[in-house]
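Understanding the architecture of this molecule
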Amino acid sequence: MSLYGAIEAGGTKFVCAVGDAKGNIQERISIPTTTPEETMPEVIAFFKKFSVDAIGIGSFGPIDVDKNNATYGNITTTPKLAWKDFPLLKTIEDEFSVPTGFNTDVNVAALGEAKLGAAKGVDNCLYITIGTGIGAGAYINGELLQGLTHPEMGHILVRRHPKDSYKGRCPYHADCLEGLAAGPAIEERWGEKAFHLSDKEEVWEMEGYYIAQALMQYILILSPKKIILGGGVMNQEHVLTYVYRYLGELLNGYVSYPEVQDKMNEYIVRPGLGDNAGITGGLLLAEKVFHER
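Bear in mind the structure is a predicted one, so any value in this text is a computation, not a measurement.

1. Brief notes about the domain arrangement of the chain
Interface extent is often summarised as the accessible area lost during association of the parts. Annotation of the chain at the domain level lists domain 1 (4-105) and domain 2 (118-270). Relative to domain 2, the C-alpha centre of domain 1 lies at a distance of 26 Å. Contacts between domain 1 and domain 2 engage nine residues on the former and eight residues on the latter. Across the domain 1 to domain 2 interface the summed buried area is about 690 Å²; carbon plus sulfur atoms make up 49%. At the junction of domain 1 with domain 2, the criterion picks out zero salt bridges. Where domain 1 meets domain 2, there are three residue pairs in polar contact (both at pLDDT 80 or more).

In structure tokens:
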């Protein structure tokens, strides 16, 4: 059986693993995301211990996913300035000379959930992570969605909550969805990290208000058959109560399908793979490029 490598390159940590295309992980490691000069040698050293047949990378972004571009495989306009324009894909390919797949961390997580997680058996799903940032990956008719570039669904504009005077913290758009509802925005607005605010209903009511607006737009545009909400903020699962409530009010019966109207708790769910969605998707991406080559 082929042995694959997977890299989940996040803004806080790189998770690296080796395993098979069924999601079985043989060994894994977590490496802090500091600078390329510090992080990448540790990533490379981990994979040097194995003879992998292919590697799948899911990276924080924005990244260049257009294979026709000279900068394909680069991290591009990230606010993590040390990684701006870093050639992540080329760095791995130069070291290992094996087929290597490259996509966003959320697209790769969507692949994992579609094949082996909460959307298994469904050919159309959306995976959204709400944590340090907000991003979404779309698996549409059996393929990961990309066009001019990859989706940037975390940066859509939403209406402000009537009680929210917080300015927003997105360095590009201030009060876009990520600027208002990601983990750092919650911490800055309320003065404490999200996990210390579990019993503050006003925090999660506001969070649900913003997430529901985003989901309404995604549903109307992409019409996913399943929506999966991951990321550290979603560990506060009672936020889902407000998401369901506000989404129902916003849609107001317009999307008249049972999944949305009567079975929202089955339609919008937590990841079936838990924290392994991204790394499992990386293994599946590695398998895909291995067979394509």
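Having seen the model, we can carry on.
2. Notes on the pattern of salt bridges
Under the defined criterion, the tally for this structure stands at 14 salt bridges. E95 is the salt-bridge partner of K48, the closest N and O atoms lying 3.2 Å from each other. Residue K48 is located in helix α1 (residues 36-48), and its partner E95 is located in helix α2 (residues 88-96); the two are separated by 47 residues in the primary sequence. Where E292 meets K288, a salt bridge forms, and the shortest distance between an N and an O atom there is 2.6 Å. Here E292 and its partner K288 are both found in helix α10 (residues 277-292), four residues apart, which amounts to about one turn of the helix.

3. As for the packing of helix α5 (residues 183-190) against helix α6 (residues 201-222)
The packing of two helices is summarised by the inter-axis angle and the distance between the axes. Two numbers describe how α5 lies on α6: the axes approach to 12 Å, and their chain directions differ by 140°. In terms of orientation, α5 and α6 fall into the oblique class. With respect to the hand of their crossing, α5 and α6 are arranged in right-handed fashion. Note on element contacts: α6 touches α5 through E202, V203, W204, M206, E207 and Y210, opposite I186, R189 and W190. Partitioned by chemical class, the residues of the contact of α5 with α6 number six nonpolar, no polar and three charged.

Conventions we followed
- Residues numbered from 1 in each chain as written.
- Predicted model: local features only at pLDDT ≥ 70, side-chain atom pairs only at ≥ 80, totals over all residues.
- Heavy atoms only, no water.
- Domains from an automatic or database assignment.
- Contact = heavy atoms within 4.5 Å.
- Buried area = accessible area lost by both parts, 1.4 Å probe.
- Salt bridge = Lys/Arg side-chain N within 4 Å of Asp/Glu carboxyl O.
- Polar contact = N/O pair within 3.5 Å; in protein donor to acceptor, adjacent residues only side chain to side chain.
- Helix = DSSP H or I, 4+ residues; strand = E, 2+ residues; numbered from the N terminus.
- Axes fitted to C-alpha atoms, helices over the stretch in contact; angles between N-to-C directions.
- Parallel < 35°, antiparallel > 145°, perpendicular 65-115°, else oblique.
- Left-handed = near helix turned anticlockwise from the far one by under 90°.
- Nonpolar A, V, L, I, M, F, W, Y, C, P; charged D, E, K, R; others polar.

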